[in-house]
Amino acid sequence: MKLFRFGAPGEERPGVVLADGRHVDVSAFGADYDEAFFGDDGLARLAAWLATASPPAVPAGVRIGPPVRRPGKLVCIGFNFSDHAREAGVPIPEEPVLFLKAPSALAGPNDPLVIPPGAEKVDWEVELAFVIGRTARNVPEAEAMNHVAGYVLHNDISERAFQLEHGGQWTKGKGCDGFAALGPYLVTRDELPDVANLAMWLSVNGELKQRGSTASMIFGVPVLVSYISRFMTLLPGDIVSTGTPPGVGMGFNPPQYLHSGDVMEWGIDGLGEARLTAVSPR
Ligand code: ZN
């Protein structure tokens, strides 16, 4: 199944992309895609409901929101692609580098990106993210995939000066509103059983910036679930973003950053595409 959410920000309703490509409104199922939904076997119940229901089509051109409603947390992995670590001039990590992104940063995949006031180094990171389907606490690797509901396209947008030039950790540069562009949809694990070699790309104003593959990932999904669950409980609906391939703006010489009016597009095989325009603060 492919799950998406649509409608005005904060008022999204749940939808499903059917096998024939039709986008349908499944509000009548009675649940949004949140912690309660994933934690209560919502994917299986929704699939069973769909087998007999005739949900209406979603109007064309409607806004697409993030496919998960306000997750408890977004856990991100730093320098998880060997080619990106080389680009950044850092050694290959011996253990996964973890940081958190504010859930309030979540945005739909095509929402305008409002450049935060004072921001001059807004950067991009196309990433494969996954959504937790079952509570994970001290999970062994061999059982890790039982805790994953599915995958989703993510752009881990970052402000490099906020991240690196204001002291402390990376948090300041990762959690601004709109800095977690998620979607278009969540692809359930049964529909994408192998994510070990997916092509990833990102362009700005039509010029390709990032091109890579999940094959360059250092720590794969089962390792990450198991590893993170040693340090914190992963709850249903939580999102884990697995790191970015080379070609981030900071890696260019001289560096390249997003400015008002720039159009950014990105995608991963099997997870769809996204496109947004950067705009000035209002
Ligand atoms: Zn990232």
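Residues numbered from 1 in each chain as written. Predicted model: local features only at pLDDT ≥ 70, side-chain atom pairs only at ≥ 80, totals over all residues. Heavy atoms only, no water.

*Asks:* Could you clarify how one ought to interpret the overall build of the protein chain in this entry?
*Replies:* A count of helical and extended segments in the protein chain gives 5 helices and 18 strands. For a compact globule of 282 residues, the expected C-alpha radius of gyration is about 19 Å, and the protein chain comes in at 18 Å, within 12% of that figure. Within the protein chain, the proportion of its 282 residues that are buried is 54%. Sequence separation of at least 24 residues holds for 73% of the intrachain contacts in the protein chain that already meet a minimum separation of 6. Summed over its atoms, the accessible surface of the protein chain is roughly 12100 Å², and 51% of this surface lies on carbon and sulfur atoms. Measuring between centres, the 23 positive side-chain charges of the protein chain sit 3 Å from its 33 negative side-chain charges. (Helix = DSSP H or I, 4+ residues; strand = E, 2+ residues; numbered from the N terminus. Rg over C-alpha atoms; globule rule 2.2 N^0.38 Å. Buried < 20%, exposed > 50% of the residue type's maximum accessible area, 1.4 Å probe, protein only. Contact = heavy atoms within 4.5 Å. Areas by Shrake-Rupley, 256 points an atom, 1.4 Å probe, with all protein chains shown as cover. Lys, Arg positive; Asp, Glu negative; His and termini not counted. Charge placed at Lys NZ, Arg CZ, Asp CG, Glu CD.)

*Asks:* Any chance you could explain the environment of I218 here in plain terms?
*Replies:* On the secondary structure map, I218 appears in the loop between β15 (207-213) and α5 (221-231). If near-sequence neighbours (up to four positions away) are discounted, I218 is found in contact with F79, N80, F81, S82, I92 and P93.

*Asks:* Looking at this structure, I do not really get the pattern of salt bridges. What am I missing?
*Replies:* Where charged atoms of side chains with opposite charge meet at close range, the side chains can pair. Going through the model one piece at a time under the given rule, you end up with 18 salt bridges. Here R13 and D25 are joined by a salt bridge, their closest N and O atoms 2.7 Å apart. Residue R13 is located in strand β2 (residues 13-17), and its partner D25 is located in strand β3 (residues 23-25); the two are separated by 12 residues in the primary sequence. The class of R13 is partly exposed, set by a relative accessible area of 42%. A salt bridge links E125 to R160; the shortest N-O distance between them is 2.8 Å. Residue E125 is located in the loop between β9 (122-123) and β10 (126-132), and its partner R160 is located in helix α4 (residues 160-164); the two are separated by 35 residues in the primary sequence. (Salt bridge = Lys/Arg side-chain N within 4 Å of Asp/Glu carboxyl O.)

*Asks:* Sorry if this is basic, but what is going on with the pairing of strand β14 (residues 199-204) here?
*Replies:* Regular strands place their side chains on alternate faces of the sheet. Here 6 bridges tie β14 to β15, and the two strands are oriented antiparallel to one another. Within the sheet, the bridge partner assigned to A199 lies in β15 and is S213. The loop that links β14 with its antiparallel partner β15 comprises 2 residues; one of these, N205, has a positive phi angle of about 50°. Note that β14 and strand β17 (residues 263-268) share 5 bridges and pair antiparallel. Looking across to β17, one finds that V204 is bridged to M264. (Pairing = 2+ DSSP bridges.)

*Asks:* Explain the side chain of S158 here, please?
*Replies:* Structurally, S158 is set in strand β12 (residues 158-159). On the basis of relative accessible area, S158 is assigned to the buried category, the value being 0%. Within polar-contact distance, the side chain of S158 engages the side chain of K174 at 2.8 Å. With sequence-adjacent residues up to four places away left out, S158 is seen in contact with K121, V122, D123, E125, Q163, G173, K174 and F179. (Polar contact = N/O pair within 3.5 Å; in protein donor to acceptor, adjacent residues only side chain to side chain.)

*Asks:* Explain the coordination of the zinc ion here, please?
*Replies:* Every protein donor of the zinc ion is listed here as E125 (OE), E127 (OE) and D156 (OD), and their distances to the metal cover 1.9 to 2.1 Å. Here the donor residues for the zinc ion map to a single chain with the spacing E-x1-E-x28-D. Of the two residues, E127 sits in strand β10 while D156 sits in strand β11 (residues 148-156), which places them 29 residues apart along the sequence. With a relative accessible area of 1%, E127 lands in the buried category. Exposure remark for D156: the relative accessible area of 0% places this residue in the buried category. (Donors = N, O, S within 2.8 Å, 3.2 Å for Na, K, Ca; no water.)

*Asks:* Even after reading the chapter, I still don't get the environment of A31, so can you show me in this structure?
*Replies:* Checked against the element boundaries, A31 lands in the loop between β3 and α1 (35-39). Under the relative-accessibility criterion, A31 is labelled partly exposed at 22%. Measuring from C-alpha to C-alpha, the distance between A31 and L46 comes to 9.0 Å, with 15 residues separating the pair along the chain. Apart from residues lying up to four places away in sequence, A31 is in contact with P14 and F37.

*Asks:* Would you take a moment to explain the sheet that holds β15 for this structure?
*Replies:* Two modes of strand pairing occur in sheets, parallel and antiparallel, and in both the strands are linked by backbone hydrogen bonds. A sheet is described by the order of its strands in space; here 5 strands give the open sequence β8-β18-β17-β14-β15, paired in mixed fashion. Of all the strands in the sheet, just β8 (113-114) and β15 have a single pairing partner and so form its edges. Both β8 and strand β18 (residues 272-279) contribute to a ladder of 2 bridges, which runs parallel. By the bridge assignment, V114 is partnered in β18 with V279.

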